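Here is how the chains run, residue by residue.
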Amino acid sequence: MALKPVLGKLGSKRVVLASASPRRQEILCNVGLRFEVVPSWFKETLEKSSFATPYKYAIETAKQKALEVANRMHVKHLRTPDIVIGADTIVTVDEHILEKPVDKQDAYRMLSRLSGKEHSVFTGVAIVHCNSKDNRLETEVTDFYEETKVKFADLSEELLWEYIHSGEPMDKAGGYGIQALGGMLVEYVHGDFLNVVGFPLNHFCKKLVELYYPPPKHTLHHIKHDSIPSVETFENLSDEESDSSSPIQYKDAIKMDRSKPHSSGGVCSPGSSNIIKPNCMVPVENRNRVMENPDKFPSKIVELLDGFRASKALFVASKLKVFNLLKNKGVLQSVDVANTINASVCGTERLLDACAALGLLEKTIQGYSNTDSANTYLASDSEDSLHGYIIHSNDHLWPLFTHLESAVKEGTMQNYRAFGKKSENLFQDSYYQSMEVKQRFMAAMHSIAKLTAKDVVTAFDLSQFRSACDLGGCTGALANELVQKYPNLKVTVFDLPEVIANVSHFQPVGQHTAPVTFTSGDFFKDNLPAADLYILSRILHDWTDEKIHVLLSKISAACKPGCGLLLSEMVLDDEKKNRSTALLQSLNMLVQTEGKERSGSEYQSLLEHHGFTSVKIRLTGSLLDAIFCTKC
Ligand SMILES: Cc1cn([C@H]2C[C@H](O)[C@@H](COP(=O)(O)OP(=O)(O)OP(=O)(O)O)O2)c(=O)[nH]c1=O
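Residues numbered from 1 in each chain as written. Predicted model: local features only at pLDDT ≥ 70, side-chain atom pairs only at ≥ 80, totals over all residues. Heavy atoms only, no water.

As recorded in an unreviewed UniProt entry, the protein goes by the name N-acetylserotonin O-methyltransferase-like protein isoform B, listed as coming from Alligator mississippiensis. Per its UniProt entry, the protein bears the Cofactor (unreviewed entry) comment "a divalent metal cation". Word for word, the UniProt comment on the protein under Subunit (unreviewed entry) is "Homodimer." (UniProt positions renumbered as here; feature names shortened; annotations may be inferred.)

## What about the overall build of the protein?
When helices and strands are tallied, the protein shows 22 helices and 20 strands. Residues counted as buried form 50% of the 632 residues belonging to the protein. The contacts in the protein between residues at least 6 apart in sequence include a share of 69% that link residues at least 24 apart. Of the roughly 29400 Å² of accessible surface on the protein, a fraction of 53% belongs to carbon and sulfur atoms. (Helix = DSSP H or I, 4+ residues; strand = E, 2+ residues; numbered from the N terminus. Buried < 20%, exposed > 50% of the residue type's maximum accessible area, 1.4 Å probe, protein only. Contact = heavy atoms within 4.5 Å. Areas by Shrake-Rupley, 256 points an atom, 1.4 Å probe, with all protein chains shown as cover.)

## Quick look at the site of the ligand
Residues in close proximity to the ligand total 21 residues, the closest being Ser19, Ala20, Arg24, Lys65 and Lys100. Here Ser21 contributes a side-chain N or O atom positioned 2.9 Å from an oxygen atom of the ligand. Within the side chain of Gln179, a nitrogen or oxygen atom sits 2.8 Å from an oxygen atom of the ligand. Protein burial of the ligand: of its 600 Å² of free accessible surface, 94% is covered by the chains. When residues in the shell around the ligand are grouped by element, the largest group, three residues, is from strand β3 (residues 83-93). (Near = heavy atom within 4 Å. Polar contact = N/O pair within 3.5 Å; in protein donor to acceptor, adjacent residues only side chain to side chain.)

## What about the environment of Ile448?
One can find Ile448 in helix α17 (residues 435-457). What makes Ile448 buried here is its relative accessible area of 4%. As a C-alpha pair, Ile448 and Tyr389 span 59 residues in sequence and 6.7 Å in three-dimensional space. Sequence-distant contacts of Ile448, defined by excluding residues within four places in its chain, comprise Tyr389, Arg538 and Leu623.

## Some words on the side chain of Asp395
Topologically, Asp395 is positioned in helix α13 (residues 387-401). Within polar-contact distance, the side chain of Asp395 engages the side chain of Asn394 at 2.8 Å. Apart from residues no more than four positions distant in its own chain, Asp395 is found in contact with Lys319, Phe419 and Arg440.

## Thoughts on the packing of aromatic side chains
What the rule picks out here adds up to 12 aromatic pairs. Each ring, one from Phe122 and one from Tyr145, has its centre 6.0 Å from the other, and the planes form 50 degrees; the classification is tilted. With a gap of 23 residues between them, Phe122 in strand β5 (residues 118-133) and Tyr145 in strand β6 (residues 136-152) connect regions that are remote in the sequence. An angle of 85 degrees between the planes, with centres 6.1 Å apart, marks the rings of Phe315 and Trp398 as edge-to-face. Taken as a pair, Phe315 in helix α8 (residues 299-319) and Trp398 in helix α13 lie far apart in primary sequence, 83 residues in all. The buried category is assigned to Phe315, whose relative accessible area is 10%. (Phe/Tyr/Trp six-rings, centres within 6.5 Å; stacked < 30°, edge-to-face > 60°.)

## Some points on the pattern of salt bridges
With the rule as written, the count across this model stands at 28 salt bridges. In this structure, Lys172 engages Asp171 in a salt bridge whose closest nitrogen and oxygen atoms are separated by 2.9 Å. With relative accessibility at 13%, the residue Lys172 sits in the buried group. The exposure class assigned to Asp171 is partly exposed, which follows from its relative accessible area of 37%. The residue Glu594 makes a salt bridge to Lys547 at a minimum N-O spacing of 3.3 Å. Residue Glu594 is located in the loop between α21 (580-592) and β18 (598-599), and its partner Lys547 is located in helix α20 (residues 545-558); the two are separated by 47 residues in the primary sequence. The class for Lys547 is partly exposed, based on a relative accessible area of 30%. Among the charged side chains, a network of salt bridges with common partners joins Glu44, Lys65, Asp88 and Lys100. (Salt bridge = Lys/Arg side-chain N within 4 Å of Asp/Glu carboxyl O.)

## Looking at empty space enclosed by the protein
Scanning the entire structure with this criterion turns up three cavities of 30 Å³ or more. Each pocket or cavity is described by its volume, and for the second largest cavity that value is around 80 Å³. What lines the second largest cavity is Glu36, Arg79, Met570, Arg579, Thr581, Ala582, Ser622, Leu623 and Asp625. Partitioned by chemical class, the residues of the lining of the second largest cavity number three nonpolar, two polar and four charged. (1 Å grid on protein atoms, 1.4 Å probe; cavity = no way out; pocket = protein on both sides within 12 Å on 5 of 7 lines; lining within 4 Å. Points joined across faces, edges and corners; volume = space filled by probe spheres on them. Nonpolar A, V, L, I, M, F, W, Y, C, P; charged D, E, K, R; others polar.)

And the structure:
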């Protein structure tokens, strides 16, 4: 098995590891796999007795972990991954399944059961291939398990307790970590060591080979027809030549014979030169595209090259209110769209076609119509509309990003170059200098806050708090979500007077919870309203460490012991190499503010410096993560 090409198949895909296990992250990182980490929220509470064997339980749990993440990313965030990997490790001894101990006594019970005996470690793995069709998530699950036998030496009482007090057992199945101190308890291991640590890498790679390089099918040998030139199958293809980038339809795929004019005999239409038609069973990603060898064709780079065109097509269609029009009218021909939006027919048709190809519109013989997600997120009058953020991206961020080169060279924001205005006071000068810009900015912040608020307010249990103050809470979108979730919480939104003067038309209609209160002020200069929970959502990323220290020390001074502080930001991984959305957002902060995105440990040290402890970070899989800590 050649490992690199196998993993290379995943190189151009958005791969998500649905696991909080640092061991799994490390195992996959070490072999060069690029992936995002979105821990699953699936609770491991399946009824064990309903499974015929322990490994079936582990596989089902792994599957549910992965599917939960796939669904969450698809439904809430429009960020359908290509592949989600889930895993679950269990230890079995004397027909008992041992998971992670709940406390030290439980760890003691588990380890004394394992003492002097052989036991099995099973890891169930699920590889979920995802596809978004008509706003629906389609999934294809491949699963497997691996068993490793481990024998423990006889463990004395003293040794057991010494090990338990080391703290190592608590987050590990069976209450031990073979890779660290727990290795000293082990007499022998039969099978894959990494399987015990949480991820059976070898079996995983073999599964990828099965999926991406299936054995040739006899029936596909040489498709011959009187009028059709012979078509090669995948048989005898070396790894390099293989065309598969999607495993699902691979087995039916055919390969172009480049030396001959292409024809299909009813499969690919004649005269289609080397364009593959959709009804040819080719890997999904290669449809409608010149057939290329994905290992040689730089598809990732081409996708990035195209990225700005796709963004701009979305921006322009939004700006011209195409999605609003189609939401109201249903299906329209391009000429009718052009006439209504006052644009050229030829330009409109190309824009609509591009939007259809990007999955934003449907195109049929009757004309163009919105997809479900366009109705939900792109029409400006929809409850969950992202229109405000799209227009802000077009009118504000786009001009700033055209000066990214200068921002990188100079290390500073580019507001002056983009808008001819110095931003000595960032918010007053950049966003609140005119009514139009201010309303646009507020609409943008409102739409992002609405999209992410539920994830943020449900990331931690905040039920012990009675009053909260959302500093820089803008239109109150997060505050409104908070009072929905915690009806007994009194929430004050504190923001600049310019903002507070304009919040009224962003308020939800027909909400039955206690209203949110708005108070104006500057959190750097004025006294903060009293509260036992403070919230900073997308605030710290605007500022330098120095300014953050000023703000955190004010909040810390206002907090009594036990008060909480909830942050929501995009949290970077500590090595700053995996989360591209957050890293691009950090460039976004470079072109327009003094701030940046930070890693979990950077936030932790800023918070601890001001007496906030028990810092917990929750990666939500959405556009904003949550950090919670308490004043000690
Ligand atoms: C037996 C054993 C388990 N483990 C770990 C692997 C897994 O991380 C953990 C078993 O718990 P799991 O529930 O499989 O995984 P997790 O809770 O760590 O992460 P998630 O559910 O988010 O995927 O035990 C070791 O690190 N070493 C060992 O020797």
